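Observations on the three-dimensional arrangement
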Amino acid sequence: MKSDTRGARVWFDPIGVRVLPGTVVRWVLEAGAHSATAYHPANANHALRIPARAAAWDSGILIQAGQTFEQRLDVPGVYDYFCIPHELAGMVGRILVLPGGHEDPGIREPAAASEGLRTVPAAALAAFPTIEEIRRAGVVRLAP
Ligand SMILES: [Cu+2]
């Protein structure tokens, strides 16, 4: 979770990662005030953009450099998450939980809109790395 010195630019680094089921993902606050919050209706009626069987998470807003938050991800699929103060600025990230081996777990892009839930801001939709990009690279970072 990063901010530049003026707070004009905010982002998750990396913005995309591929992990095996059962991985504990840790977010670390480097600078600024940020959260890591799952796209899930349990989080203030946001769209569901994590696997239906997965648990929602919300780190709350971290404010002290070095603060961390951890979440274990067991269900294969795409997990999209956002930063509460900066979702409109496109501060989002994507985790691909992919079993080892070559089977296709049928992972696909989350739906762009769902009835009765909040719309995902355009800047956020534009920021997600593609599933294919994450699958191929393993780790996707924004240009510095
Ligand atoms: Cu943020």
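Provided above is the structure to which this section pertains.
Notes on the structure in this doc start here.

Cut-off values and rules
Residues numbered from 1 in each chain as written. Predicted model: local features only at pLDDT ≥ 70, side-chain atom pairs only at ≥ 80, totals over all residues. Heavy atoms only, no water. Donors = N, O, S within 2.8 Å, 3.2 Å for Na, K, Ca; no water. Buried < 20%, exposed > 50% of the residue type's maximum accessible area, 1.4 Å probe, protein only. Helix = DSSP H or I, 4+ residues; strand = E, 2+ residues; numbered from the N terminus. Contact = heavy atoms within 4.5 Å. Salt bridge = Lys/Arg side-chain N within 4 Å of Asp/Glu carboxyl O.

**A look at the coordination of the copper ion**
Protein coordination at the copper ion: the donors are His34 (ND1), Cys83 (SG), His86 (ND1) and Met91 (SD), at 1.9 to 2.5 Å from the metal. A residue is classified by how much of its surface remains accessible, and cysteine 83, at 0% relative accessible area, is buried.

**Details of unusual backbone geometry**
Cis peptide bonds are those with omega within 30 degrees of zero, and the linkage from aspartate 13 to proline 14 qualifies with 0°. For proline 14, the location among the structural elements is in the loop between strand 2 (10-11) and strand 3 (16-19).

**Details of the environment of glutamate 70**
Here glutamate 70 is to be found in strand 6 (residues 68-73). Excluding residues within four positions of it along the chain, glutamate 70 makes contact with Val24, Val25 and Arg26.

**Let's talk about the pattern of salt bridges**
Evaluation of the coordinates by the stated rule reveals nine salt bridges. Between arginine 94 and aspartate 80 there is a salt bridge, with its nearest N and O atoms 2.7 Å apart. In this pair, arginine 94 is assigned in strand 8 (residues 92-97) and aspartate 80 in strand 7 (residues 77-82), connecting sequence segments 14 residues apart. The exposure classification of arginine 94 matches that of aspartate 80, with both residues buried. For glutamate 132, the salt bridge identified is with arginine 135, shortest N-O distance 3.4 Å. Taken together, the residues span about one helical turn, with glutamate 132 and arginine 135 both in helix 2 (residues 131-137) at a distance of three residues. A relative accessible area of 30% places arginine 135 in the partly exposed class. Where salt bridges share partners, they join Lys2, Asp13, Glu30 and Arg141 into one cluster.

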